[in-house]
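Here's the letter readout for the chains.
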Amino acid sequence: MIPIHLAGVSKTYGEQAGARPTGTVDITVEAGEFFTLLGPSGCGKSTLLRMIAGFVAPTAGAIRFGDKDVTRTPAHKRGIGMVFQNYALFPHMTVADNVAYGLRLRNVAKAERTAKVDKALERVGLAGYGKRRIDQLSGGQQQRVALARAIVIEPEVLLLDEPLSNLDAKLREETRMQIREVQKAAATTAIYVTHDQSEAMAMSDRIAVLADGRAHQVDTPRKIYAEPATAFVARFIGRSNVVPATVVSAEADTATVRIADSDVIVRRHPDVPVGPGQAVEISLRPEALRVVGEAEATLHGVVSTLEFLGSTAMLDVDLAGSTVAVSTPDIDVAQGSRIGLAVDPRAGWLIPESADV
Ligand code: ADP
Ligand code: MG
């Protein structure tokens, strides 16, 4: 297994327009990692993946697979397997012939080819499907054929561009776990592209959140959820409250901040200095806020909307100057009523970039 290094990589489309969707990217993907490029549509995920694959030449920067500089290496010599959103299978060929395609190109002998195809089909849960025609398969099965075709050549690098987007919700969830298992079993380094944050969170060892021509954060799903680097990340990952606050005092890895006239202790990045009076933004996840009686409350507000979700309800609560979403098991709360909220100590996070001076 090999790491992948992207050093100062960027792509500019069009001399005149000068569009640089990816910005300049510096990322190292560790050997064997399942790494996800996550961001809204148009942020340059596919462009970046295509540069790693060798289908698009970077305007600047270098791409290394392990110690080898592959920046100018053609795609078919990079040792990559690729899976696309639209499967890109040959509809007139059998499942086995589709999977064998890359082995034929590499002149692998028939007996070895058959053995490898059978093993790949077994890995993706399609043992015995070799003789079927592609159009006899469901969308989910077709995507698993595409995955088998990608791994059969034992690629050092597996690249997947929104492979689940054409499947319905239930199948997406089943297939994403299967992709993850296949990648670990095949012992390849994988880079996965998606705009779906829940998919990224469920599948990835680490995620790069891309938007506005830059990587906002490169981190584990847990860190990205609990310690978003920017307000964009906080809002893009799950349902989050980004509320304005003023620093009262700073301690080693916490700060006391004033939110809507109440003092709240929040966690902060120890390397990002903040001082009294500074305006910052706080990420408060809905589950960090509890509906409590007036006496216990640190924040007070009015319930503006109420969404019943079964075991819990999701409330929008208007505080003085901002609105926060609150997840509560207490579904007796009425719309329009005034309620108190307690903030779990240290559950809030001071967004480091909002403290930049
Ligand atoms: P994503 O995969 O994140 O949705 P893309 O990498 O496909 O984003 O595209 C990023 C931006 O680059 C978009 O604005 C897109 O229109 C533009 N773009 C992509 N490919 C080309 C191309 N071949 N020529 C010109 N512009 C392109
Ligand atoms: Mg794309």
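Residues numbered from 1 in each chain as written. Chains lettered and ligands numbered in written order. Predicted model: local features only at pLDDT ≥ 70, side-chain atom pairs only at ≥ 80, totals over all residues. Heavy atoms only, no water.

Going by the annotation in an unreviewed UniProt entry, the name recorded for the chain is Spermidine/putrescine ABC transporter ATP-binding protein, with Microbacterium sediminis given as the source organism.

Taken in spatial order, the 5 strands make up an open sheet running 15-19-16-17-18, and their pairing is antiparallel. Each edge of the open sheet is held by one strand with a lone partner, namely strand 15 (289-292) and strand 18 (322-328). Going from strand to strand, the sheet's axes swing by 45° on average, the running direction of each strand aside. When strand 15 meets strand 19 (residues 338-343), the two strands line up antiparallel, connected through 4 bridges. Bridged to V292 within strand 19 is G340. (Pairing = 2+ DSSP bridges. Helix = DSSP H or I, 4+ residues; strand = E, 2+ residues; numbered from the N terminus. Axes fitted to C-alpha atoms, helices over the stretch in contact; angles between N-to-C directions.)

As a further point, take the environment of L171. Its place among the elements puts L171 in helix 5 (residues 169-186). Each C-alpha atom, one on L171 and one on G139, is 9.2 Å from the other, the two residues being 32 residues apart in sequence.

We note that the domain assignment places domain 1 (4-231) and domain 2 (232-351) within the chain. Between the C-alpha centres of domain 1 and domain 2 there is a distance of 38 Å. Contact residues are listed per partner, giving 19 residues for domain 1 and 15 residues for domain 2. Taking both sides of the interface into account, the surface hidden between domain 1 and domain 2 amounts to around 1500 Å²; carbon and sulfur atoms contribute 66%. Summed over the three residues of domain 1 that lose the most area to domain 2, namely Y225, P228 and A231, the buried surface amounts to 44% of that side. At the surface where domain 1 touches domain 2, the tally comes to 1 salt bridge. Where domain 1 touches domain 2, the interface holds 12 residue pairs in polar contact (both at pLDDT 80 or more). At the level of secondary structure, the elements contributing two or more residues to the side of domain 1 that touches domain 2 comprise helix 6 (197-203), strand 9 (206-211), strand 10 (214-219) and helix 7 (221-226). Counted by class, the side of domain 1 that touches domain 2 contains 12 nonpolar, 6 polar and 1 charged residues. (Domains from an automatic or database assignment. Contact = heavy atoms within 4.5 Å. Buried area = accessible area lost by both parts, 1.4 Å probe. Salt bridge = Lys/Arg side-chain N within 4 Å of Asp/Glu carboxyl O. Polar contact = N/O pair within 3.5 Å; in protein donor to acceptor, adjacent residues only side chain to side chain. Nonpolar A, V, L, I, M, F, W, Y, C, P; charged D, E, K, R; others polar.)

The subject of this paragraph is the pairing of strand 12 (residues 254-259). Counting buried positions along strand 12 yields 5 of 6 residues, so the element is predominantly enclosed. Where strand 11 (residues 241-250) folds back on strand 12, the antiparallel hairpin that results is connected by 3 residues. Here strand 12 pairs with strand 13 (residues 262-267) via 6 bridges, running antiparallel. Directly across from T256, in strand 13, lies its bridge partner I265. Between strand 12 and strand 13, which follow one another and run antiparallel, lie 2 residues, and A260 among them has a positive phi close to 45°. (Buried < 20%, exposed > 50% of the residue type's maximum accessible area, 1.4 Å probe, protein only.)

Tracing the backbone through its elements, the reader meets K77 in the loop between strand 5 (68-69) and strand 6 (80-83). Taking the C-alpha atoms as reference points, K77 and R290, 213 residues apart in sequence, are found 56 Å from one another.

Assignment of secondary structure puts T71 in the loop between strand 5 and strand 6. Within the structure, T71 has its side chain in polar contact with the side chain of D69 (distance 2.5 Å). Those residues within four positions of T71 in sequence are excluded, and the remaining contacts are P58, G61, A62, I63 and R78.

Bringing the pattern of salt bridges into the picture now. Inspection of the entire model under this criterion finds 16 salt bridges. R267 is the salt-bridge partner of E227, the closest N and O atoms lying 3.2 Å from each other. Here R267 lies in strand 13 and E227 lies in the loop between helix 7 and helix 8 (231-236), a separation of 40 residues in the sequence. The exposure class assigned to E227 is partly exposed, which follows from its relative accessible area of 23%. A relative accessible area of 15% means that R267 is categorised as buried. Among the charged side chains, a salt-bridge network with shared partners connects E112, K116 and E154.

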